[in-house]
Amino acid sequence: MATSRKVTLLSSDGESFEVEQSVAVESITIKDSIEEGSAGNPIPVPKVNSKILAKVIEYCKKHVESAKAEDRVDDEDLVAWDADFVKVDQATLFDLIRAANFLNIKSLLDLTCQTVADMIKGKTPEEKRKTFTIRNDFTPEEEEEVRRENQWAFE
Amino acid sequence: MASLESLTEDLLVRIYKGLASDGDRKSWRLVCRDFHRIDALTRSSLRVLRVEFLRSLLANYPRLDTLDLSVCPRIDDGAVAVLLTSRGSPWAFPRAASSSLSPPGRDPLAWTRGLRKLVLSRSTGLGHHGLEQVIRACAYLESVDVSHCCGFGDREAAALSCGARLREVKMDKCLGVTDVGLAKIAVGCGRLEKVSLKWCMEIGDLGVDLLCNKCVDLKFLDLSYLKVTNDSLRSIGSLPKLEVLALVGCSLIDDTGLQFLGGGCPLLRVIDMSRCNGISSCGLISVAKGHEDLVQLNASYSLTECSSILLRCFKDLKNLNAIKIDGARVSDSAFKALSNCTSLVEIGLGKCIGATNLGLMRLVSGCVNLRVLDLTCCHSITDAAIFAISDSCRNLTCLKLESCNMITEKSLYYLGSFCLLLEELDLTDCGGINDTGLEYLSNCLELSCLKLALCPTISDKGLGHIASKCRKICEIDLYRCNGIGDDALAALSSGCKKLRRLNLSYCSDVTDRGMEYLGQLEELWDLEMRSLFNVTGVGLMALAAGCKRLADLDMKYCENVDDSGFWALAYYARNLRQEAKLVHLNKVTVEGFELALRTCWVRIKKVKLLAALRFKLSSDVRETLHSRGCKIRWD
């Protein structure tokens, strides 16, 4: 059985990480390439640097372990662990989103995207722009039109 | 760089989907053009408030699957015709027909192909011509709601029958529809799964029979208040997939008809036969025996007597979740039989003669999973019963004790100690309740709806206890609670920020100071404040300026409110669109009314005014109100 086999992942900046195969295949991308036999050894992971890859591996390990645990790790504990996991700076958070997307790890993608959504909840448009350094590219007329629609047109 | 924009569009869509509130999504679309586009491509449901925006909104939201026009006044055949032409007609509406933000070349009719659900309830301006146009244009439409379009008849039904893919049709209160119209729908919409025809009084056995013959996929059927007979039940019995059947108020049905049902509809799970005076325990026994998987049974106000044999049958219904036998006579042995149904979560025993402490104690000893219990008007129960209920049913979320006047603060102590999941409590007319009781009750932190109408023994102090701890309160009824005054409102305004519905009618100690406190409740949506004669224009202004979401207001008999308050209401209350009851406001002049009505008429749907005003209000105001779809009721 392939469950206790180890694989090596190579980050974009050349660092290797040895992990259990069961952890690595949390990523559908990696799982597919192993099954197709097209993955070399070590498996290259372009676009994801070592710092982010380390975090991703940490996430996958934790989730694989808690699924296996005999006494069914409390859902609440896992939720709390996840909440702690995403307490990182914004740049890291966005990198995690991109990595989860590329590596196709649905639960991590959902978690990180929801975290960003929660971050901007309740903020005014200007606050949202400031938080993420976005430029307001509406013309004054367009902005007025959108505002009017928001207030009067629909819900 | 930590820039949100550096994420690809599909990732931004995921983040956008994580925003649950309408406010957040509206704020998102104001951020920048890209975000606006993401909202436009992802938003799937729209409830339009003003018809002037309709065309540009539909052009901008091509991926809509649900469109709700029920609160949009002035939807008529003309509006539909304009909506469905592919070229813009800017002169039809004062605003530009297409927004500068939508890219050129986008097909303004793309929305018709994506739409699955259309809500047109109360769109009384729409006729069969417009209805047919929109049904034909939206070829993939699956669900239509035209309820409360009281003028709708067979021609409109024929228009609906053009929707071959329709699975769900809601036509409650379409008073003109007859068997002929229903037949057309049955023939044209063979895939129907859910049909609601409440109050369509012209429909009878013939139409129902044809419906059951042609629409064999029916899962949900509501024929409440129709003059259908046992013959209809014979036809309904043949439906192989029916799961939910509602026959409220069908007085021509009796036990013979129920026997047809007993032998048919193998998948029946929910049946509502309340207010059917022709049926008895026998009929219900045949239904129960034929359907072991029954989940909900409602026979409120239909049975005079709930026999023990009937209640014993329920033991075999392993999935029985909810049962309502309000109005029936029940005996203690009947309660014992019911206690064997341990799967029960909801029991309705309102106005049940014979409901005693002993019976209830027997009941809850078995039904420990109860969450909802209705004991309205069970006059003979006392604190002892409440003790048994709270102790056994720790998961209780809703308890109705209206008119149970022997209940005292002890009962509230028990509830506050054992039933900490309690969300809804009705203590209307419970004369034995006092402030101490409310203090005990405040331990129920999940409380969201509390009815204390007609309880003269409670005061600001008691309400203060509730307000300080029960932060989830959304609805409070204090009708005729004479002990309530401004201090209670102060407590509510600081503790219960989520308050949406409040009834203060006849709490005459309330003054302008109290109104000011109410102005701090931003979520307040429905307020009844009849006969608060200590409230003047000043108070009303404070209320109107603060409660921006106010939609329903009843201020009958507030005799000291004058023009200034009224104008404030008209100016500030931008959402006052559902209903405004403005009778007997003696100090408001005719001019005051006219000004307010002129400002509000775009929004208000129903206004109730003193009959004497009918002749004083200029005809021009009345006509315009009428043409804008606002109904005036004269008192």
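Remember, predicted model here, so these are calculated numbers, not experimental data. (Residues numbered from 1 in each chain as written. Chains lettered and ligands numbered in written order. Predicted model: local features only at pLDDT ≥ 70, side-chain atom pairs only at ≥ 80, totals over all residues. Heavy atoms only, no water.)

Comments concerning the pairing of strand S1 (residues 6-10) of chain A
Within a regular strand, side chains alternate between the sheet's two faces. All names here are of chain A. Both S1 and strand S2 (residues 16-20) contribute to a ladder of 5 bridges, which runs antiparallel. Its bridge partner lying in S2, Lys6 is registered against Glu20. Hairpin connection of S1 to S2: 5 residues between the antiparallel strands, including Gly14 at a positive phi of 85°. As defined by bridge partners, S1 adjoins strand S3 (residues 43-44) across 2 bridges and the pair is classed as parallel. In the sheet register, Leu10 faces S3, and the bridge partner there is Pro44. (Pairing = 2+ DSSP bridges. Helix = DSSP H or I, 4+ residues; strand = E, 2+ residues; numbered from the N terminus.)

What to know about the interface of chain B and chain A
The interface of chain B with chain A comprises 41 residues on the first partner and 40 residues on the second. Counting each side, the surface lost to burial between chain B and chain A is near 3900 Å², with a carbon and sulfur contribution of 59%. Put simply, chain B and chain A have 4 salt bridges between them. Here A:Glu155 makes a salt bridge to B:Arg47, at a shortest N to O gap of 2.5 Å. Applying the counting criterion to the chain B and chain A interface returns 15 residue pairs in polar contact (both at pLDDT 80 or more). Counting residues per element, the ones that place at least two in the side of chain B that touches chain A are helix H1 (9-17), helix H2 (22-28), helix H3 (33-42), strand S1 (45-47) and helix H4 (51-60) of chain B. Among the elements that take part in the side of chain B that touches chain A, H2(B) stands out by supplying 5 residues, more than any other. The residue makeup of the side of chain B that touches chain A, split by class, is 19 nonpolar, 8 polar and 14 charged. (Contact = heavy atoms within 4.5 Å. Buried area = accessible area lost by both parts, 1.4 Å probe. Salt bridge = Lys/Arg side-chain N within 4 Å of Asp/Glu carboxyl O. Polar contact = N/O pair within 3.5 Å; in protein donor to acceptor, adjacent residues only side chain to side chain. Nonpolar A, V, L, I, M, F, W, Y, C, P; charged D, E, K, R; others polar.)

A closer look at unusual backbone geometry
Residue and element names in this part refer to chain B. Residue Trp199 is not a glycine yet carries a positive backbone phi of 65°. Turning to its location among the elements, Trp199 is positioned in the loop between strand S6 (194-196) and helix H10 (205-214). Classification of Trp199 as partly exposed rests on a relative accessible area of 27%. Of note in this structure, Asp429 is not a glycine but carries a positive phi near 65°. With respect to the helices, strands and loops of the structure, Asp429 is situated in the loop between strand S15 (424-426) and helix H19 (435-441). (Buried < 20%, exposed > 50% of the residue type's maximum accessible area, 1.4 Å probe, protein only.)

Some points on the pattern of salt bridges
Following the criterion strictly, the structure yields 34 salt bridges over all chains and no others. One salt bridge connects B:Arg29 with B:Asp39, and the closest N-O pair in it is separated by 3.1 Å. Placement of B:Arg29 in the loop between H2 and H3 and of B:Asp39 in helix H3 is noted, with a sequence separation of 10 residues between them. Comparing B:Arg29 with B:Asp39 shows no difference in burial state: the two are buried. Because the salt bridges share partners, they merge into one network encompassing A:Glu149, B:Asp22, B:Lys26, B:Arg29, B:Asp39 and B:Arg43.

Re the state of the cysteines
Residues and elements named next belong to chain B. In the structure shown here, the tally under the stated rule is 0 disulfides over all chains. Counting only cysteine sulfurs, Cys174 is the nearest neighbor of Cys200, a cysteine outside any disulfide, at a range of 5.5 Å. Residue Cys200 is classed as buried on the basis of its relative accessible area of 0%. Cys449 supplies the cysteine sulfur nearest to Cys398, a cysteine that is in no disulfide, at a spacing of 8.0 Å. With a relative accessible area of 8%, Cys398 lands in the buried category. (Disulfide = S-S within 2.5 Å.)

Quick notes on helix H9 (residues 179-188) of chain B
For H9(B), every residue scored as buried is listed here: B:Asp179, B:Gly181, B:Leu182, B:Ala183, B:Ile185 and B:Ala186. On the buried face of H9(B), the contacting elements are helix H8 (154-160) and H10 of chain B.

Focus on the side chain of B:Thr397
Mapped onto the elements of the fold, B:Thr397 is located in the loop between helix H17 (383-392) and strand S14 (398-400). Excluding anything up to four places from it in sequence, B:Thr397 contacts B:Arg371, B:Val372, B:Leu421, B:Leu422, B:Glu423 and B:Glu424.

Looking at helix H20 (residues 460-469) of chain B
Residues and elements named next belong to chain B. The set of residues buried in H20 consists of Asp460, Gly462, Leu463, Ile466 and Ala467. Projected onto a plane normal to the axis of H20, the buried residues spread over an arc of 160° and lie on a single side. Of the surrounding secondary structure, the elements contacted by the buried residues of H20 are H19, strand S16 (449-451) and helix H21 (486-495). (Arc of directions from axis to C-beta.)

Some details on the nonpolar core
By size, the foremost hydrophobic cluster in this structure holds 181 residues, and its most contacted members are B:Ile236, B:Phe314, B:Leu425, B:Leu478, B:Leu502 and B:Met529. Counting residues per element, this core draws most heavily on H4(B), at 5 residues. Contact partners of B:Leu425, with chain neighbours within four places excluded, come to B:Leu399, B:Leu401, B:Leu412, B:Leu415, B:Leu441, B:Leu447, B:Cys449, B:Leu450 and B:Lys451. Grouped together as the second largest cluster of nonpolar side chains are 48 residues, A:Tyr59, A:Leu93, A:Leu109 and B:Leu11 included. (Core = buried A, V, L, I, M, F, W, Y, C linked by side-chain atoms within 4.5 Å.)

With respect to the packing of helix H11 (residues 230-237) of chain B against helix H12 (residues 255-263) of chain B
All names here are of chain B. Following both chains from N to C, one finds H11 and H12 inclined at 5°, their axes separated by 8 Å at the closest point. The angle between H11 and H12 places the two elements in the roughly parallel class. Residues Asn230, Leu233, Arg234, Ile236 and Gly237 of H11 form the contact with H12, whose own contacting residues are Thr256, Gly257, Leu258, Phe260 and Leu261. Among the residues forming the contact of H11 with H12, the class breakdown is 5 nonpolar, 4 polar and 1 charged. (Axes fitted to C-alpha atoms, helices over the stretch in contact; angles between N-to-C directions. Parallel < 35°, antiparallel > 145°, perpendicular 65-115°, else oblique.)

Considerations on the sheet that holds S2(A)
What links the strands of a sheet is backbone hydrogen bonding, and the strands pair in either a parallel or an antiparallel sense. Residue and element names in this part refer to chain A. Strands sit in the order S2-S1-S3 across an open sheet of 3 strands; the sheet is mixed. Looking along the sheet, the strands with just one partner apiece sit at the ends: S2 and S3. The sheet strands contacting helix H3 (residues 50-68) are S1 and S2, and the helix crosses S2 at an angle near 10°.

Here we look at the confidence of the model for chain B
Residue and element names in this part refer to chain B. Within chain B, residue pLDDT values average 87, and 88% of them lie at 70 or more. A low-confidence stretch, residues 89-99 stays under pLDDT 50, and its non-local contacts, those more than four residues away or across chains, total 21 contacts. Across the whole predicted complex the pTM is 0.81, and at the interface the ipTM reaches 0.90. (pLDDT = per-residue confidence, 0-100.)

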